[in-house]
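Coordinates in review
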Amino acid sequence: MTQRASELSGGQRTGASGRGLTSAEVAERISRGEVNDVPVRSSRSLTEIVRANVFTRFNLIIGVLWVIMLAVAPIQDSLFGFVIIANTGIGIVQEWRAKKTLDSLAVIGESKPVVRRDGRSAEIHTSEIVLGDLVELGPGDKVVVDGTVAEADGLEIDESLLTGEADPVLKKTGDTVMSGSFVVAGGGAFTATKVGREAYAAQLAEEASRFTLVRSELRSGISTILKYITWMMVPTATALVISQLVVKEHNFKDSVARTVGGIVPMIPEGLVLLTSVAFAIGVVRLGRKQCLVQELPAIEGLARVDVVCLDKTGTLTEGGMDVTELRPLGGAEEPYLRRVLAAFGASEPRPNASLQAIVDAYPAPENAPEDTPQNAPADGAWTTTGTLPFSSARKYSGAAFTEDGGASSAWLLGAPDVLLSEDDPALAEIGQLNEQGLRVLLLARARGGLDAPDAARGADPAALVVLEQRLRPDAGQTLAYFGEQRVATKVISGDNAVSVGAVAAKLGMEGAEHPLDARRLPKGTDEMASAMEQNAVFGRVTPQQKREMVAALQSRGHTVAMTGDGVNDVLALKDADIGVSMGSGSEATRAVAQIVLLNNSFATLPSVVAEGRRVIGNITRVATLFLTKTVYSVLLAVLVVCFQVEYPFLPRHLTLLSTLTIGVPAFFLALAPNKERAHPHFVRRVMRYAIPSGVICAAATFVMYLVARHHYSGTGALDAETSAATLTLFLVSMWVLAIIARPYTWWRICLVAAMGLAFLVVLAVPWLQDFFALKLVGTQMPWTAVGIAVVASVALEYAWRLVGRRFGG
């Protein structure tokens, strides 16, 4: 790594402690257990995964019913239990794979703090910090343990994530810093006073970074559905038990088997597992694209987003810049200005992208020994006597020097339209440069000291530093993708609005020709929301304004995603519905973002959106399948109780039907590509289709069952009636599957056809007939079953189209 300077310019030293702990002191503290050993967990443990997938309410119900069936019926009536074991196993395996992917990506994306030991700076893992370590801080760094400030150079700490107070706090030597806060300006170092679980935010950080399957409309919707199903299932199952065991007085074991056969299909047990699998596979897929999903519902959330707010720097443009021109102002001499810029660059140990371009273009003298303090003069170098760190709210930085001849000077470098008065003639020249998409910084000589609250007032312009930003080659395609998907994009930047608009225009962004200076934005939330909806490019935006802009959009019902990589983006990322951080961004942004693009590629976002749409769209499809089964099972049980007849099915029949019309197809449909835009109100959308589908399935099946009861008589009549009813239910359920499988592709057609063929094989092969107790008797009732199924299928088509027209699909 590049060694960080061991002394901070203008910072306050702490004597011998400024060298940090010695190796012997570190070893001693490790032996005493004074290590920051809090396990930062990015995912659930294997035990929790197993517990979450196995110990569910419905698995308990099915487990009890399975044990009963093993005791009173043949093994084929207990197949539903083995199906549940298989589904649960699949869920555990897939989530375990997702855990490993998430853990490995979390290690890749982990930021390492810099500590000073034996007088030298080195990066270490957060877990290796020991009590008393001297931890260095710079802009964007997160405070990982509690401590006391030992050195400070304009050190400003944002504690909003802990206290809710948005304004940064200026820290001086001796002040306390808390874990969970982060640096917004300046630099310094602090001595670790609390590590491990004693640190203030240790438990909060552990909870915040934990793998989660909550805060999701999809999952909360499924939970709501399951709650209502439980309420329906208990009284219905009770009535069915009484009906089959008391009223009909049949063989006890057969009655128990048919009772269980009526209860089991009411439970949409595979729906929860399939949702977990779909989420988990989504994490694995995105992990292969170097996308770290810190909370699984973020995949779903980004798919629901209708506004994406982009930070220009690091998102539309690459992090690096190049100085293309130095334009002296007011008669200043260029060689002297180059000396000023070289000294300015050397005064900052951790330059931002703009200053780094200046450092590269105007390097400081390199003949100073490595152990020379940074503010000491080398041959031909100037002495730094003071610094003013860059602040995104202030939009300029400063440095004071003692020059070669002993003269003192103070300089400011920052946004021209902030440092210059509105009527300054240089602004016209700057405007022309901004219109070309160039970034312009103003170098000005301060008339007073840097510590004055109005240091920029009366500054004398000395030069314009013209910077060219590097556009990301894939940014234009990504913006075009969002445009095609009807997702509004808003570029929100701290740079000059005209310059930002020119960059966006080069990428073909719609609305880039009318950039808006955020200093002219209205203050009211409603008025700001209107301005946000009417414009696409905003410049000179302060960190607080970014937060207000996100809130304004949300007040209009928009689901907002915010991307960024700088510490000035943190508050907006935290408030947005979905925060997306670049992997190379500050640790603070990665800490609050739900999605981290480890490859720093904005072009990865369409993949995340597509993955979210795949998950939501497909789970909505398969949820309709599962809940259709629940609806017709409950209705069949109610009809059986009302008509005082035997329940028509044994568990083996419904296991076969569920496997062919729901289980196997749902697995493939849940993992299929799906580009449909995500829609809200998951529960309503699913039940609009599941209820009429379930009602039609139940009505057709029960009608066929009653017709068969009047047709068949004698020994084996019940088996014949069951077979005819099973054929009807299978055919109608297959039509539900055929509707859900649309739009058809070759593999969807093959999937539906394969399920139909599998049922025909069961009907045609003698030993399978015996195994599943399915044998069609005669020709009249089987063809009647087909006829009723055709009528029911027509009714299904009409019902689906009616719902689609009335509710918009």
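Residues numbered from 1 in each chain as written. Predicted model: local features only at pLDDT ≥ 70, side-chain atom pairs only at ≥ 80, totals over all residues. Heavy atoms only, no water.

Considering the overall build of the chain
- Regarding its fold elements, the chain presents 27 helices and 21 strands.
- Buried residues in the chain amount to 55% of all 809 residues.
- When contacts within the chain are restricted to residue pairs at least 6 apart in sequence, long-range pairs at least 24 apart make up 73% of them.
- Element-wise, carbon and sulfur atoms account for 57% of the exposed surface of the chain, whose accessible area totals about 33,200 Å². (Helix = DSSP H or I, 4+ residues; strand = E, 2+ residues; numbered from the N terminus. Buried < 20%, exposed > 50% of the residue type's maximum accessible area, 1.4 Å probe, protein only. Contact = heavy atoms within 4.5 Å. Areas by Shrake-Rupley, 256 points an atom, 1.4 Å probe, with all protein chains shown as cover.)

What about a nonpolar patch on the surface?
- On the surface, Leu70, Ile75, Phe82 and Ile85 cluster together into a nonpolar patch covering about 360 Å² of accessible area.
- Within the secondary structure, Leu70 is located in helix H3 (residues 57-72). (Patch = residues over 30% accessible without salt bridge, like charges linked within 9 Å, V, L, I, M, F, W, Y side chains within 5 Å. Salt bridge = Lys/Arg side-chain N within 4 Å of Asp/Glu carboxyl O.)

Remarks on the environment of Ser397
- Summarising the element assignment, Ser397 is placed in strand E12 (residues 396-402).
- Taking C-alpha positions, Ser397 is 9.9 Å from Gly186, a pair spaced 211 residues apart along the chain.
- Residues in contact with Ser397, not counting those within four places in the same chain, are Phe344, Leu388, Pro389, Phe390, Trp411, Leu412 and Leu413.

Remarks on helix H10 (residues 297-304)
- Within H10, 8 of the 8 residues are buried, which leaves it mostly tucked inside the rest of the structure.
- Of all the positions in H10, only Pro297, Ala298, Ile299, Glu300, Gly301, Leu302, Ala303 and Arg304 are classed as buried.

Remarks on the nonpolar core
- In terms of nonpolar packing, the biggest core is built from 97 residues, with Phe80, Ile619, Val622, Phe682 and Phe759 touching the most fellow members.
- With 13 residues, the single largest contributor to this core is helix H24 (residues 717-740).
- Residues contacting Phe80, with those up to four places away along its chain left out, are Ile62, Leu65, Trp66, Met69, Val260, Val264, Pro651 and Thr655.
- Listed in part, the 34 residues of the second largest apolar core include Val293, Ala475, Ala512 and Leu597. (Core = buried A, V, L, I, M, F, W, Y, C linked by side-chain atoms within 4.5 Å.)

Description of unusual backbone geometry
- Look at the link from Arg742 to Pro743: it is a cis peptide, with omega at -5°.
- Examined against the element boundaries, Pro743 turns out to sit in the loop between H24 and helix H25 (746-764).
- Of note in the backbone geometry, Asp118 takes a positive phi value of approximately 55° without being a glycine.
- If you check the backbone angles, Gln290 has positive phi at about 60° while not being a glycine.

Here's the deal with the sheet that holds strand E18 (residues 537-539)
- A sheet is described by the order of its strands in space; here 8 strands give the open sequence E8-E21-E20-E19-E9-E16-E18-E17, paired in mixed fashion. Since the sheet does not close on itself, it has two edges, and those belong to strand E8 (291-293) and strand E17 (516-517), each with one partner.
- Contacts from helix H18 (residues 543-555) reach strand E9 (307-310), strand E16 (488-492), E18 and strand E19 (560-564), with the element oriented near 160° to E19. (Pairing = 2+ DSSP bridges. Axes fitted to C-alpha atoms, helices over the stretch in contact; angles between N-to-C directions.)

Quick word on the environment of Thr701
- Topologically, Thr701 is positioned in helix H23 (residues 682-711).
- With a relative accessible area of 1%, Thr701 lands in the buried category.
- Separated by 27 residues in sequence, Thr701 and Thr728 have C-alpha atoms that sit 5.7 Å apart.
- Other than its neighbours up to four places away in sequence, Thr701 contacts Leu636, Phe649, Ala725, Thr728 and Leu729.

A word on the packing of helix H14 (residues 426-435) against helix H16 (residues 497-506)
- Between H14 and H16, the shortest axis-to-axis distance is 7 Å and the interhelical angle comes to 20°. Considering the angle they form, H14 stands roughly parallel to H16. For the pair H14 and H16, the crossing hand works out as right-handed. Contacts between H14 and H16 involve Gly431, Asn434 and Glu435 on the former and, on the latter, Val498, Ser499 and Ala502.
- Among the residues forming the contact of H14 with H16, the class breakdown is 2 nonpolar, 3 polar and 1 charged. (Parallel < 35°, antiparallel > 145°, perpendicular 65-115°, else oblique. Left-handed = near helix turned anticlockwise from the far one by under 90°. Nonpolar A, V, L, I, M, F, W, Y, C, P; charged D, E, K, R; others polar.)

Details of the side chain of Asn618
- Relative to the assigned elements, Asn618 resides in helix H21 (residues 605-643).
- Within the local environment of Asn618, its side chain forms a polar contact with the backbone oxygen of Ala670, the two atoms lying 3.3 Å apart.
- Contacts of Asn618, omitting those with residues within four sequence positions, involve Arg613, Leu669, Ala670, Leu671, Ala672 and Asn674. (Polar contact = N/O pair within 3.5 Å; in protein donor to acceptor, adjacent residues only side chain to side chain.)

Some points on the packing of H24 against helix H27 (residues 780-807)
- Axis separation between H24 and H27 bottoms out at 9 Å; the angle between their running directions is 30°. With respect to H27, the element H24 is oriented roughly parallel. Between H24 and H27 lies a crossing whose hand is right-handed. Contacts between H24 and H27 involve Ala724, Leu727, Thr728, Leu731, Val732, Trp735, Val736, Ile739 and Ile740 on the former and, on the latter, Pro782, Ala785, Val786, Ile788, Ala789, Ala792, Ser793, Leu796, Glu797 and Trp800.
- Its residues placed into classes, the contact of H24 with H27 shows 16 nonpolar, 2 polar and 1 charged.

Remarks on the pattern of salt bridges
- The final tally for this structure, using the stated rule, is 22 salt bridges.
- Across the salt bridge formed by Glu151 and Arg116, the nearest N and O atoms sit 2.8 Å from each other. Residue Glu151 is located in strand E4 (residues 146-158), and its partner Arg116 is located in strand E1 (residues 114-117); the two are separated by 35 residues in the primary sequence.
- Residue classification places Arg116 among the buried residues on the basis of a relative accessible area of 0%.
- Between Glu611 and Arg614 there is a salt bridge, with the nearest N and O atoms lying 2.5 Å from each other. Of this pair, Glu611 and Arg614 both sit in helix H21, 3 residues apart, which is roughly one turn of that helix. For the pair Glu611 and Arg614, one class covers both residues: buried.
- Through salt bridges that share partners, Asp417, Asp517, Arg519, Arg520 and Arg540 make up one connected network.

Here we look at the side chain of Arg439
- Here Arg439 shows up in strand E14 (residues 439-445).
- Within polar-contact distance, the side chain of Arg439 engages the side chain of Ser354 at 3.0 Å.
- In contact with Arg439, other than residues within four places in its own chain, are Thr313, Met321, Ser354, Val465, Val466, Leu467, Gln469, Asp495 and Ser499.

So, the pairing of strand E13 (residues 408-414)
- Of all 7 residues making up E13, 6 are buried, and the element is well covered by its neighbours.
- Two elements, E12 and E13, share 7 bridges in a ladder whose sense is antiparallel. Among the inter-strand pairings, Ser397 is bridged to a residue of E13, identified as Leu413.
- With 4 bridges connecting them, E13 and E14 associate as antiparallel partners. In the strand pairing of E14, Leu412 is matched with Ala444.

Considering the confidence of the model for the chain
- For the chain, per-residue confidence averages 81 on the pLDDT scale, and residues scoring 70 or more make up 87% of the total.
- Per-element confidence in the chain is highest for H25, whose mean pLDDT is 94, and lowest for helix H6 (residues 202-208), whose mean pLDDT is 48.
- Taken as a whole, residues 1-16 scores under 50 in pLDDT and shows 37 contacts with residues more than four places along the chain or in a different chain. (pLDDT = per-residue confidence, 0-100.)

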